[in-house]
Each structure stands twice: as structure tokens, then as C-alpha cells.
Amino acid sequence: MLLSVLTATVVLQTTPMPREVTLPSEPAALSGTLVDAGPDASAALIIAGSGPTDRDGNSPLGVSAGTYRLLADDLAAQGISTLRYDKRGVGQSAGAMVAEADLRFSHFVDDARAWAGLLREQTGQSCVWLIGHSEGSLIAQSVAAEDPTGICGLVLVSGAGRPAAVVLREQLSGGTPEPYLSQALTIVDALDAGETIDCPPLFAALCRASVQPYVISWMDVDPAALAAQSVLPTLVVQGSTDIQTTVTDAQALAGAREGIELAVLEGVNHVLKRAPIERTANLATYADPALPLADGVVPTISAFILRPREAQPQP
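Scope of this entry: the structure provided in the associated data block. (Residues numbered from 1 in each chain as written. Predicted model: local features only at pLDDT ≥ 70, side-chain atom pairs only at ≥ 80, totals over all residues. Heavy atoms only, no water.)

Comments concerning the overall build of the protein chain
Rules: Secondary structure is summarised from DSSP: a helix means a run of H or I of at least four residues, a strand means a run of E of at least two, and numbering begins at the N terminus for each. Partly exposed describes any residue whose relative accessible area lies between the buried limit of under 20% and the exposed limit of over 50%, with all areas from a 1.4 Å probe on protein chains only and scaled to the type maximum. Residue contacts are defined here by distance: any two heavy atoms, one from each residue, within 4.5 Å place the two residues in contact. Only the protein chains shown count as covering a residue, and every accessible area follows the Shrake-Rupley method with a 1.4 Å probe.
When you go through the protein chain residue by residue, the secondary structure sums to 12 helices and eight strands. When the 315 residues of the protein chain are sorted by exposure, 49% land in the buried category. A separation threshold of at least 6 residues defines the contact pool for the protein chain, and within that pool the share at least 24 residues apart is 69%. Counting only carbon and sulfur atoms, one obtains 58% of the accessible surface of the protein chain, whose full area is about 14,000 Å².

Right, here's the structure in full:
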């Protein structure tokens, strides 16, 4: 019994404890969670996907899978420190939101770059890894493209491999009836060309006047082109039952240049849980925080991050 108690005590003492960190910003500070796995541990910044997604990977739009919290906990068990954060305008970073009409994709890129700098300071590492999920993968690529200094490499998870307009056209064509499809495609074409338009109320989520500048700035970024330009070690991770991004996207990223690694995880969906391709059952995992990450997710990511640098594939 005494041995069991002592063993439990040691485990508790060596388990990394999350702590709150803040990043100065205007009009208010941003908030995040650091899980420090120790002074010699590699460190990774987890960058959230699109919409009102918080540091844990949850969203008021029906997502409570806790994907980023689970990822942080599991990576800590592998000896990797992580920092995850509430996006500008979300959760405890809500006060940092600028007016929607003033928001641009570059705001999220600048925020991620600043968080990466803070993570280096907090952990004492000379470089940190960027783990971008969904739209976060495009943010991670953009950070590295502007200045790779202090970035060890990229892990692009469930990210688009084609420009946003291309993906939107594909998604809309997959199930939108006429005459709405033609209207929607006309809107996407205009925004892709950098044009502002009069937005029909039915499509307010895509093209209301205040959101058009952000959408245009987002559509202007080509993920495959960024992948081709990068010289950093890069891993692309894609689930085979992801109903939001596809293996086609992952292949576009991985095929952009020599040296990018691709891991397609069978039976893994967009929130990195084990799920069938059938839509209703797949979406059910989005609301199940008790469901662990699929078995292959963390081993794939941690093995890439922890690989000796001299063994990293070179472009």
C-alpha cells in the first residue's frame, strides 16, 4: 500500500500542470494555456481552426470534442510542451476582438507569431513547432512563410491544400440545390476576385458586408504555394473519414515539394476521433469530449517532432 501511495505521488509530481498565460494585445490581452513538459522538452504551439473555436477545440457552433485539450495532454505525456490559446474574439480573448469589418486573416497570423515568441520565452527553446489544425494549418504556414526564424517545423493537421474558393465551390456543389447553388457560386467567384458585393440575406454567413474583407483576405492565400516555398520540416496529417477536408487536400500539400511527409490516418475524422464516414455518426463525435483521440494521432505527431533534427527530411 505504501509503495502504491509513493508511486502515485511521484506520478502527480511529474505530470505537467497547465497554467494560464496571457499575451499583450490591443484592444485587450489574449489568453492561453501552457503545459510545460520540462526544461529540455520540445515545444509546440497549437493553432485552432476557423470560426469561434477556443483553446480546447470547442465552439458554440456545436463542437465540444475537446480536441486541442486532449492533444495537449497526450503530447505532454510524450514529453512535448504545448501552448494553446483562445483566438482573438473567442473565450477569454473575447475582449481582443476588433470590429468585424476591420478583421483580416493577417490578424490571426500576427497573433500566432506572437504566441510562438511567447512560447519560446516561456520554455527557453530556441525554436518551437507549429501544429495547425484546419484553418490553423494555413495560419501556421503563413507565419513560417513570412519569417521562419524560431520555428522548428510545421505539423499541418486536417488542413486545406487548395485555396479557400476552390474548396468552397466543391463543398457547395456537393449538396446545394438550384437556384441557390448558382447564386452561391457567383458570390464565391466575386469574393475570390477581390470584389465586394451586395449580399443576399440567405448567404449572410458567407458574405455579409462586414465579413467580406476577411473572406477576401482569406481567399487570397494558397496553401500549396506556401508549402512549396517553405524549407522547414513539414508533416501533413489527414484522417480518411474527415468530412470537412479531404485526402486530396493533404496530397496537394504534401506534393507541393520534395521532403514533405504525409500521414493518412485510417478511420480518423476532422476532430481527430475514430469515426465512420457516415455523416450522422461522424458528427456525433464532435460533441463527445470523453471520446479519446484516435490511436494514431499523437504517436504520428510526437514521433515527427521528437525525431533528431539531423534526421529530418530536407527539401
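Having put the structure on the table, let's press on.
Here's the deal with the packing of helix H2 (residues 67-77) against helix H12 (residues 297-306)
Helix-helix packing is described using two parameters, namely the angle between the two axes and the distance between the axes. As a reminder, the rule being used: Here the axes come from fitting lines to C-alpha atoms, over the contacting stretch only for helices, and the angles between their N-to-C directions go from 0 to 180 degrees. Each angle gets one of four labels, with under 35 degrees taken as roughly parallel, over 145 as roughly antiparallel, 65 to 115 as roughly perpendicular, and the rest as oblique. In this scheme the handedness of a crossing depends on how the near helix is turned from the far one: anticlockwise by less than a right angle means left-handed, clockwise means right-handed. Charged residues are taken to be Asp, Glu, Lys and Arg, nonpolar residues to be Ala, Val, Leu, Ile, Met, Phe, Trp, Tyr, Cys and Pro, and polar residues to be all remaining types, Gly included.
Two elements in contact, H2 and H12, have axes separated by 10 Å at closest approach and are oriented at 55 degrees. Taken together, the axis directions place H2 and H12 in an arrangement best described as oblique. H12 is crossed by H2, and the crossing has right-handed handedness. Touching Leu71, Asp74 and Leu75 of H2 are Val298, Ile301 and Ser302, all from H12. Here the contact of H2 with H12 is composed, by residue class, of four nonpolar, one polar and one charged.

Brief notes about the state of the cysteines
Selection rule: The definition used for a disulfide is geometric: two cysteine sulfur atoms within 2.5 Å.
Under the definition given, this model contains two disulfides. Put simply, Cys199 and Cys207 are joined by a disulfide, and their sulfur atoms are 2.1 Å apart. Looking along the S-S bond of the Cys199-Cys207 disulfide, the torsion reads about 75 degrees, which is the right-handed sense. By relative accessible area, Cys207 is classed as buried at 0%.

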